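Listed below are the residues making up each chain.
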Amino acid sequence: RTVEPLEYYRRFLKENCRPDGRELGEFRTTTVNIGKCLCSITTADGSALVKLGNTTVICGVKAELAAPAADSANKGYIVPNVELPSLCAERFRSGPPGEEAQAASQFIADVIENSQMIVKEDLCIANGKLAWVLYCDIICLDYDGNLLDASVFALLAALKNVQLPSVTINEETGLSEVNLKQKNPLVIRKHPVATSFAVFDDTLLIVDPTAEEEDLATGTVTIVTDEEGRLCSVHKPGGSPLTGAKLQDCITRAITRHKEVKKLIDKVIKSITPK
């Protein structure tokens, strides 16, 4: 495994399994904790922690009030940020965000935009005067591959947990008045779920790659779908090209994975909802 890691992996892949015992199309154990189950981010308006095998990602959503931009007076803002601190893996360094963290942040921003999971008009309180800004901080606590799947899952779970207070504008003073006693859940229009694959030897696809598998792979691809089976995004940063048939296989597996993730989120939310 140390001297010839690729040959070591190929021996397993020939038998349609992996060194960790999983089949090629099998995900690692996935768990999610939402909101008050977390106790970690008490200051956030919504939070979630997702574990995908050893990969652990936490997401906190902070809502603030701001004036809308002049060219989009009826829209709020969503600002995603992915952090890969040095504590999550040796490959990352302290300091400004590296290339991988920036690429992940851009990917999350694209998923939010393409899936229309939140319509920015829903975040507007008063046209041209006041809107919500959602700061979505996604921090990797332990990195063992497949960051994008875990990040999208944590973001969706955290947003499902957000409760926004009622806000009105006093017509006499022109100031905003916040009623913390009256809170409403954020309107989630779509539920995007990411499914990532690693490509081995230009032809073989394995789902939910570990960090070691990502390093040995000839490419990766991430498919994002919503609950209607609609394709929201295909993220393929270089590497081996995929045939149309292989890509269709990925999309089919992604649609199945979406059902699994949605079922898991619904189960956790039901367990924490007061009866």
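Please read these numbers as outputs of a predicted model, since none were measured by experiment.

### Brief notes about the packing of aromatic side chains
Turning to step 1, where the next piece is worked out: Taken as a whole and judged by the stated rule, the model has four aromatic pairs.
Turning to step 2, where the next piece is worked out: Arranged with centres 5.3 Å apart and planes meeting at 90°, the rings of F92 and Y143 form a pair that is edge-to-face. With a gap of 51 residues between them, F92 in the loop between β4 (77–83) and α2 (99–115) and Y143 in the loop between β6 (130–142) and α3 (147–160) connect regions that are remote in the sequence.
Turning to step 3, where the next piece is worked out: Classification of Y143 as buried rests on a relative accessible area of 8%.
Turning to step 4, where the next piece is worked out: One aromatic cluster in this structure is built from Y8, Y9, F12 and F200.
Turning to step 5, where the next piece is worked out: Note that R257 overlies the ring of F27, its terminal NZ or CZ placed 3.7 Å from the centroid.

### Considerations on the sheet that holds strand β9 (residues 193–200)
Turning to step 1, where the next piece is worked out: What the four strands build is an open sheet, ordered β10-β9-β11-β12; its pairing is antiparallel. Both outer strands of the open sheet, β10 (204–207) and β12 (231–235), are each paired with one neighbouring strand and no more. Put simply, the sheet's adjacent strands are angled 25° from each other on average, direction ignored.
Turning to step 2, where the next piece is worked out: Sheet analysis places β9 next to β10, joined by four bridges and oriented antiparallel. Pairing of V199 across the sheet is with L205, part of β10.
Turning to step 3, where the next piece is worked out: Packing of α3 onto the sheet brings it into contact with β9, β11 (219–225) and β12, and relative to β9 it is tilted by some 175°.
Turning to step 4, where the next piece is worked out: Seen against the sheet, helix α5 (residues 244–272) touches β9, β10, β11 and β12 and runs at an angle of roughly 50° to β11.

### Observations concerning the UniProt feature "domain: Exoribonuclease phosphorolytic" (unreviewed entry) in the protein chain
Turning to step 1, where the next piece is worked out: UniProt tags residues 26–165 and 192–255 as "domain: Exoribonuclease phosphorolytic" (unreviewed entry).
Turning to step 2, where the next piece is worked out: For the annotated span residues 192–255, helix accounts for 28% and strand for 38% of the residues, and the straight-line distance between the end C-alpha atoms is 10 Å.

### Observations regarding empty space enclosed by the protein
Turning to step 1, where the next piece is worked out: If you walk through the whole model with that rule in mind, you get one cavity of 30 Å³ or more.
Turning to step 2, where the next piece is worked out: In this structure, the largest cavity occupies an estimated 50 Å³ of space.
Turning to step 3, where the next piece is worked out: Contributing to the lining of the largest cavity are L52, D149, A150, F153, V193, A194, R257 and V261.
Turning to step 4, where the next piece is worked out: At the level of elements, α3, β9 and α5 are the ones that each hand at least two residues to the lining of the largest cavity.
Turning to step 5, where the next piece is worked out: Among the elements that line the lining of the largest cavity, the one with the most residues is α3, at three residues.
Turning to step 6, where the next piece is worked out: Grouping the constituent residues of the lining of the largest cavity by class yields six nonpolar, no polar and two charged.

Quick notes on the rules
Residue positions within a chain follow its written sequence, with the count starting from 1. It should be noted that, the model being predicted, local features are given only for residues of pLDDT at least 70 and side-chain atom pairs only at 80 or more, the latter also being counted only at that level, while totals for whole chains, interfaces and linings use all residues. The basis for every side-chain value is the complete set of heavy atoms in the structure, and neither hydrogens nor water enter the calculation. Pairing of aromatic side chains requires ring centres within 6.5 Å, counting the rings of Phe and Tyr and the six-membered ring of Trp. Pairs whose planes differ by under 30 degrees are stacked, by over 60 edge-to-face, and all others tilted. Starting at the N terminus, helices and strands are each numbered in turn, a helix being any DSSP run of H or I of at least four residues and a strand any DSSP run of E of at least two. Burial classes follow relative accessibility: with a 1.4 Å probe on protein chains only, a residue under 20% of its type's maximum area counts as buried, one over 50% as exposed, and anything between as partly exposed. Note on criteria: charge over ring means Lys NZ or Arg CZ within 6 Å of the ring centre, with the direction from the centre no more than 35 degrees off the ring normal. Paired strands, in this sense, are two strands between which DSSP finds at least two bridges. Axis definition: a line fitted to C-alpha atoms, over the contacting stretch in the case of helices. Angles run 0 to 180 degrees between N-to-C directions. Whether two residues touch is decided by their heavy atoms; if any such pair falls within 4.5 Å, the residues are in contact. UniProt positions are given in the numbering used here, feature names are shortened, and annotations may be inferred rather than shown by experiment. A cavity, in this analysis, means grid points on a 1 Å lattice covering only the protein atoms where a 1.4 Å probe fits yet has no way out; a pocket is instead an open set bounded by protein on both sides within 12 Å along at least five of seven lines, and a residue lines either one if it has an atom within 4 Å of a point. Grid points are joined across faces, edges and corners, and a volume is the space filled by probe spheres set on the points. Note that Gly is not counted as nonpolar here; it falls among the polar residues with everything else outside the nonpolar set of Ala, Val, Leu, Ile, Met, Phe, Trp, Tyr, Cys and Pro and the charged set of Asp, Glu, Lys and Arg.

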